[in-house]
Amino acid sequence: MTPLAWVVSLPVRFYRVVFSPWVGHGCRFQPTCSAYAMEALERHGAIKGTWLTIRRIGRCHPWGSSGYDPVPGTASETTSEQDAPRKTAGNEDER
């Protein structure tokens, strides 16, 4: 985590320690918004991670969706997964 992202994560950490035990466990999404925020800040840094977190919190309302909503991967993770050679049956030892 970058130093700026760590500073931005301090309110999230404070929320998790102080308020989260009192709020309850009625989150609409998996992972919870605070876990999503921490992962977004870790993966994308302070600016984009904050933007993704604000968008996620904005989707959390009674008329919004619910369910599994993972943090999007970074561009380098996406391209490296697409560029990786795929193993299929029968081509393990092509010569």
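Reading the values: the criteria
- Residues numbered from 1 in each chain as written.
- Predicted model: local features only at pLDDT ≥ 70, side-chain atom pairs only at ≥ 80, totals over all residues.
- Heavy atoms only, no water.
- Phe/Tyr/Trp six-rings, centres within 6.5 Å; stacked < 30°, edge-to-face > 60°.
- Buried < 20%, exposed > 50% of the residue type's maximum accessible area, 1.4 Å probe, protein only.
- Helix = DSSP H or I, 4+ residues; strand = E, 2+ residues; numbered from the N terminus.
- Axes fitted to C-alpha atoms, helices over the stretch in contact; angles between N-to-C directions.
- Parallel < 35°, antiparallel > 145°, perpendicular 65-115°, else oblique.
- Left-handed = near helix turned anticlockwise from the far one by under 90°.
- Contact = heavy atoms within 4.5 Å.
- Nonpolar A, V, L, I, M, F, W, Y, C, P; charged D, E, K, R; others polar.
- Expected span 1.5 Å × (residues − 1).
- Bend = angle between axes of the 7 residues up to and from the residue.

What follows concerns the packing of aromatic side chains. All chains considered together, the criterion is met by one aromatic pair. Plain terms: the ring middles of phenylalanine 14 and phenylalanine 19 are 5.9 Å apart, the flat faces sit at 80° to each other, and that makes the pair edge-to-face. Look at phenylalanine 19 and you get partly exposed, because its relative accessible area is 44%.

Let's shift gears to unusual backbone geometry. Looking along the chain, the bond that leaves glutamine 30 and enters proline 31 is cis, with omega of 0°. Structurally, proline 31 can be placed in the loop between β1 (29-30) and α3 (33-58).

Locating serine 34 in the fold gives a position in helix α3. Residue classification places serine 34 among the buried residues on the basis of a relative accessible area of 11%.

The next thing to look at is the packing of helix α1 (residues 3-18) against α3. Where α1 meets α3, the axes come as close as 9 Å, and the angle between the chain directions of the two elements is 155°. As judged from the angle between their axes, α1 and α3 are roughly antiparallel. Handedness of the α1/α3 crossing: right-handed. On α3, the residues that touch Leu4, Ala5, Val8, Ser9, Val12, Arg13, Tyr15 and Arg16 of α1 are Ser34, Ala35, Ala37, Met38, Leu41, Gly45, Ala46 and Thr50. Split into classes, the residues belonging to the contact of α1 with α3 amount to 10 nonpolar, four polar and two charged.

Moving on: α3. Along its 26 residues, α3 runs just 10 Å from first to last C-alpha, ending more than 12% under the 38 Å computed at 1.5 Å per residue. The sharpest bend along α3 comes to roughly 135°, located at glycine 45.

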